[in-house]
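Summary of structural features
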Amino acid sequence: MNQFNTKLDLARKRQKRSSIIVTLLAFTVLLAVLAFLTISRGTPIEVLPTALQKMAEIQVTRGTGFSVNSTLYSISSTVEITISAPGFQSTHETIGPSHLGKTFSVELTELPGHLTVNISNKKNNLSRTRWLTAEETVHMGPELDIQLPAGKHTITVDNTFYQLQEILVELQRGKHEMLTIDLLPIRGTAHIASHPTGATVFIDNVDTGTTPFTSPLAGGPHSLRVASVNYLETFEEISIERGATELRRMYQLERKKAKVSFNLTPEGGVLLVNGVITPDSVQLNSMVSHPITYKKQGYFTQTQHLTLKPDEQKTLSFSLKKEKGTVRISSSPPAKVFVGAKEYGMTPITLSLQAVKQKIFLRKTGYREVIKTLTPQSKSDSTVSVTLLTEYQARLQEAPREYTNSGGVKLTLFMTHDTFIMGAPRSEKGQRANEFQRKIHLSKPFYASLYEITNTEFTQFKQHTFSSPADAPVTSIGWQEAAAYCNWLSKKENLLPFYYTSGGLIRGFNSQADGYRMLSEAEWEWLARKSGRSRQTLFTWGNETTLPPQVANIADESAKGQVRYYVPGYNDNFEGVAPAGSFTVEPSGLYDQAGNVSEWVHDVYSIISVANRATETNPLGQSRGQSHVIKGANWSSGTITTLRPAFREGLLSGQDNVGFRIARYLYGGKNE
């Protein structure tokens, strides 16, 4: 055998061996597949929609298994698969032990179509474009980029500057459709007029004619400007829109302004332009006359009329002249005259003063300063005529005629300049030897309490046991306690106490003090007999010995058997002390001097006769003494002697039928 035949024989042997090996491998794989199919369970996969069943692809993505003809074979107890089909979204599913061997259904979702529509028109008018499908807006803007279900769709394109347009499209699953459209613009007409006519019209900064003006105009926004010489330009943004294609404008052009500033002398006045207060510079309508007024108090007002050209600027000057008026000033008595801080001389005097508010002062030593405020006028003279008052006279005028003090006590003012006879002559029925006649002059104004001090008022100062009503006069207190109450009131009101104290007792008094005190004996008797009357009387109610009804609380029929003396036929409805002010007010304006309780007065009791002495002025008696005077009748008084205001008695201590009332001088010092 030659060498060639030998090689050929070897090749045949190798080919035979390869065939045997391939056959064995294929048989082995077949046996493995048969073994796999034997030990695994087939799971049918149902793909919906049904039309996808044959074209769907099933892949095992996790676990051991494979699919054959929509059947899944798996050795693993759990596998994850991916199912996909053209035009549908892939889905991922997990098949566990409970599903293996059973039909497993999977529904695929159709992929949407992708639509893009561009508009070829100018982009600056497209931002307001609405895109609608099935009459529902899906987008606003110059282009549409949207995903929609596969199938046919009608797209409506709505832009107010263009005609409405509809697009019919058919979208494929998972396909991108791109379109370009051209919107048809609407057409409108602009009618522009002005006053005055002949103004130039600019549309989108292009000169398009003069007013009155009519021109076609494309849909969309436009700028409109109307200009005329010597007039302010008018600007407006306009638009031609579907449904509003006719544009009409009538412009009332305003002349260009002129500017005026002012040079004002003096400064600080009021500037009026056309009757309106204006700052130092202002813009005015041109070619019109404007009244301009400048005024300031104390100066003559000045008015000018001004007409300016368009865009003109001008400065207008005002220089006002001072206005003065004549003021004639007189006073009684003569006094120094000051205007502000400057002294001008003594009254009577005539001054020429600027016509501004002036404060005029009239001053004289010992008299209250008088201040007058006025504004002189050039058209007529002003007059100031005053009567100066001493400090005493001024304070007397200012004093309240009645007031209630801090203790709740009502007081009334008595301005006395009166002379009367105190006491009684020996010939007077019921007269006692201690009722010395004295000529008294009262000149110092004083306050007196309308009522006797009550239990309620006194207990604010000091606790006191009382058996009568709270509003009845306080009784059974000594003169020292009454004086201490007066000092307590004075200190409460920052008044100078009238009584001096030492060691807890009253040791004297200060006749110049304005603090509270008791009435002097002279004041008490003057109030009871002379105050409020045309002439001095015998009794508080008059000169008749018969008591008028309900005039006073005294010893009446009800006191019979309880007191030594009583007044027959008289009834006052009270057996003892009555509430303060229960009876008729007396001529003086006070209550209960004729009865109820007798009253402590300020004076020390004395029985030394002073009958032949000269007139006494505002007597207050001795500064010290053991007993003090009580005045007036009380609920137990029943004789002519005790019912007379001239009756007086001296006591060392209080009694159940004795109280007091308070007084004070109008103010301290000489007080007259």
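The preceding data block contains the structure.
Values in this document were obtained by computation on a predicted structure and should not be read as measured data. (Residues numbered from 1 in each chain as written. Predicted model: local features only at pLDDT ≥ 70, side-chain atom pairs only at ≥ 80, totals over all residues. Heavy atoms only, no water.)

**Overview of the sheet that holds strand 20 (residues 213-218)**
- What the three strands build is an open sheet, ordered 20-17-23; its pairing is mixed. The sheet terminates laterally at strand 20 and strand 23 (246-252), the two strands that pair on one side only. Sheet twist, expressed as the average angle between the axes of neighbouring strands with direction ignored, equals 20°. (Pairing = 2+ DSSP bridges. Helix = DSSP H or I, 4+ residues; strand = E, 2+ residues; numbered from the N terminus. Axes fitted to C-alpha atoms, helices over the stretch in contact; angles between N-to-C directions.)

**A short note on the packing of aromatic side chains**
- Counted under the stated rule, the structure contains 20 aromatic pairs.
- An angle of 35° between the planes, with centres 5.7 Å apart, marks the rings of Phe 66 and Tyr 73 as tilted.
- Three or more aromatic residues joined by ring pairs make a cluster, and in this case those are Phe 458, Phe 461, Tyr 485, Trp 488 and Phe 660.
- The cationic tip of Arg 225 hangs over the ring face of Phe 202; the distance from NZ or CZ to the ring centre is 4.0 Å.
- Lying across the ring of Tyr 665, Lys 444 places its NZ or CZ 4.0 Å from the centre. (Phe/Tyr/Trp six-rings, centres within 6.5 Å; stacked < 30°, edge-to-face > 60°. Lys NZ or Arg CZ within 6 Å of the ring centre and 35° of its normal.)

**Structural notes on unusual backbone geometry**
- The peptide bond linking Ser 332 to Pro 333 adopts the cis configuration, its omega dihedral lying at -5°.
- The residue Pro 333 is located in the loop between strand 31 (324-332) and strand 32 (336-339) in this model.
- A cis amide bond, omega -5°, links Thr 347 with the succeeding residue Pro 348.
- Along the chain, Pro 348 turns up in the loop between strand 33 (342-346) and strand 34 (349-354).
- Within the chain, Met 287 stands out as a residue other than glycine whose phi angle is a positive 60°.

**Describing the sheet that holds strand 24 (residues 257-265)**
- Read from one edge to the other, the open sheet built from three strands follows the order 27-24-30, with strand pairing classed as mixed. One side of each edge strand has no neighbouring strand; the edge strands of this open sheet are strand 27 (281-285) and strand 30 (313-319). If you compare each strand with its neighbour and ignore which way they point, the axes differ by 30° on average.
- Here strand 24 runs beside strand 27; their pairing, made up of five bridges, is antiparallel. Across the sheet, residue Lys 257 finds its bridge partner in strand 27, namely Asn 285.

**What to know about helix 5 (residues 521-529)**
- A large share of helix 5 lies buried, amounting to nine of its nine residues.
- The complete set of buried residues in helix 5 reads Glu 521, Ala 522, Glu 523, Trp 524, Glu 525, Trp 526, Leu 527, Ala 528 and Arg 529. (Buried < 20%, exposed > 50% of the residue type's maximum accessible area, 1.4 Å probe, protein only.)

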